[in-house]
Amino acid sequence: METWDAIRARRNVRQYTEAPIGADELERILEAGRRAPSAGNWQPWNFVVVTDRANLVELAKAWPRGGTHVARSAATVALVAAEPNDELSRDWLQYDLGQATANMMLAAADLGIGSGHSAVHDQQRARRVLGFPDGHFAACMIAFGYPVDRPLAPLARPNRRPFDEVVHWDRW
Ligand SMILES: Cc1cc2nc3c(=O)[nH]c(=O)nc-3n(C[C@H](O)[C@H](O)[C@H](O)COP(=O)(O)O)c2cc1C
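This report concerns the structure included in the present document. (Residues numbered from 1 in each chain as written. Predicted model: local features only at pLDDT ≥ 70, side-chain atom pairs only at ≥ 80, totals over all residues. Heavy atoms only, no water.)

**A short note on the overall build of the chain**
Next up, step 1: Scanning the chain from terminus to terminus reveals seven helices and four strands.
Next up, step 2: Ordered by position from the N terminus, the helices and strands of the chain form the series α-α-β-α-α-β-α-β-α-β-α.
Next up, step 3: Computed over C-alpha atoms, the radius of gyration of the chain comes to 17 Å, within 12% of the 16 Å expected from 2.2 N^0.38 for 172 residues, which places it in the range of a compact globule.
Next up, step 4: Its C-alpha atoms give the chain principal-axis dimensions of roughly 45 × 40 × 30 Å.
Next up, step 5: Relative to its 172 residues, the chain shows a buried fraction of 39%. (Helix = DSSP H or I, 4+ residues; strand = E, 2+ residues; numbered from the N terminus. Rg over C-alpha atoms; globule rule 2.2 N^0.38 Å. Buried < 20%, exposed > 50% of the residue type's maximum accessible area, 1.4 Å probe, protein only.)

Here it is, written out as structure tokens:
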């Protein structure tokens, strides 16, 4: 897929086929996250990749309201970071994790692989499954898998605010 097509085709996919994601594809997605830009190039992220079904089911319970798709995914990547020490690094951390997330989701879309965000509410449970060290937390999870409903293809009418409402040329 071309970059422009991948940008237009990416959408949150929460129902996945049984098909596994190949090692090469998964590594490419993770590499896309690793290559994301970050403030001062501090690269605050760690990626914990889960493919074991029992662990995925357990991990999904870390956000029962909005993370059930994690249990059904072929693979889920948890973004784990050190607890920020101050407000500024807290803000940049969220920004940079968002950039790594977007890179991974677009790389997945490029491969026809769907992806879906999930928050992490229960940090204790996430830590039990993922085994990350003290002083760290799981900021979010990205579930991956091939879409059940229809293959990824550029969306003609995305559910977004109108272009002219969002964009201001020269001045607001
Ligand atoms: C920071 C963030 C957190 C999100 N958390 C969840 C979540 O916990 N569960 C979920 O199903 N979707 C979650 N989403 C997905 C959004 O609901 C989704 O991106 C939005 O509705 C736009 O839909 P689209 O991604 O299909 O374009 C999250 C998205 C972001 C950016």
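**Quick look at the nonpolar core**
Next up, step 1: Counting 23 residues, the largest nonpolar core has Leu-59, Val-70, Ala-126, Leu-130, Ala-138 and Met-141 as the members making the most contacts within it.
Next up, step 2: Mapped by element, the contributors of at least two residues to this core are α1 (3-9), α3 (53-60), α4 (69-72), β2 (75-82), α6 (123-130) and β4 (136-145).
Next up, step 3: Beyond its immediate stretch of four places on either side in the chain, Val-70 contacts Leu-56, Leu-59, Ala-60, Thr-76, Ser-118, Met-141 and Ala-143.
Next up, step 4: Ranked by size, the runner-up nonpolar core spans 22 residues in total, among them Trp-45, Ala-75, Val-77 and Ile-113. (Core = buried A, V, L, I, M, F, W, Y, C linked by side-chain atoms within 4.5 Å. Contact = heavy atoms within 4.5 Å.)

**Some details on helix α2 (residues 23-34)**
Next up, step 1: Taking 1.5 Å of rise per residue, 12 residues should cover 16 Å, and α2 covers 16 Å from first to last C-alpha, within 8% of that figure.
Next up, step 2: Among the residues making up α2, those that are buried are Leu-26, Ile-29, Leu-30, Ala-32 and Gly-33. In a view along the axis of α2, the buried residues occupy a sector of 150 degrees, so they form one face of it. Exposed positions of α2 whose direction lies more than 90 degrees from the buried face are Ala-23, Asp-24, Glu-27 and Arg-34.
Next up, step 3: As for α2, its buried residues are in contact with β1 (46-50), β2, α5 (87-110) and β4. (Expected span 1.5 Å × (residues − 1). Arc of directions from axis to C-beta.)

**Concerning the pairing of strand β3 (residues 114-118)**
Next up, step 1: Where burial is concerned, most of β3 is hidden: four out of the five residues are buried.
Next up, step 2: Relative to β4, β3 runs antiparallel, the two being bridged by five bridges. Following the sheet pairing, Ser-118 is matched in β4 by Met-141. (Pairing = 2+ DSSP bridges.)

**Topic: the packing of α2 against α5**
Next up, step 1: Direction vectors running N to C along α2 and α5 enclose 150 degrees, while the axes themselves pass 7 Å from each other. Taken together, α2 and α5 sit at an angle that is classed as roughly antiparallel. Seen along the crossing, α2 lies across α5 with a hand that is right-handed. Residues Arg-28, Ile-29, Leu-30, Ala-32 and Gly-33 of α2 pack against Ala-100, Asn-103, Met-104, Ala-107, Ala-108 and Asp-110 of α5.
Next up, step 2: A per-class count over the contact of α2 with α5 returns seven nonpolar, two polar and two charged. (Axes fitted to C-alpha atoms, helices over the stretch in contact; angles between N-to-C directions. Parallel < 35°, antiparallel > 145°, perpendicular 65-115°, else oblique. Left-handed = near helix turned anticlockwise from the far one by under 90°. Nonpolar A, V, L, I, M, F, W, Y, C, P; charged D, E, K, R; others polar.)

**Concerning the layout of surface pockets**
Next up, step 1: Taken as a whole, the largest pocket holds about 300 Å³ of empty space.
Next up, step 2: Considering the residues around the largest pocket, the lining is formed by Trp-4, Ile-7, Arg-8, Arg-10, Arg-11, Asn-12, Arg-150, Leu-155, Pro-158, Asn-159 and Arg-160.
Next up, step 3: Of the residues in the lining of the largest pocket, the class split is four nonpolar, two polar and five charged. (1 Å grid on protein atoms, 1.4 Å probe; cavity = no way out; pocket = protein on both sides within 12 Å on 5 of 7 lines; lining within 4 Å. Points joined across faces, edges and corners; volume = space filled by probe spheres on them.)

**Regarding the pattern of salt bridges**
Next up, step 1: Considering all chains together, one arrives at 11 salt bridges under this definition.
Next up, step 2: Among the salt bridges present, the one from Asp-5 reaches Arg-8, with a minimum N-O distance of 2.5 Å. Here the residue Asp-5 and the residue Arg-8 both occupy positions in helix α1, the gap between them amounting to three residues, near one helical turn.
Next up, step 3: For Asp-5, a relative accessible area of 23% translates into the label partly exposed.
Next up, step 4: Here Lys-61 and Glu-58 are joined by a salt bridge, their closest N and O atoms 3.2 Å apart.
Next up, step 5: Judged by relative accessible area, which is 25%, Glu-58 ranks as partly exposed.
Next up, step 6: Through salt bridges with shared partners, a single network forms among Glu-58, Lys-61, Asp-122 and Arg-125. (Salt bridge = Lys/Arg side-chain N within 4 Å of Asp/Glu carboxyl O.)

Treat this as a map of the structure, not an account of what it does.
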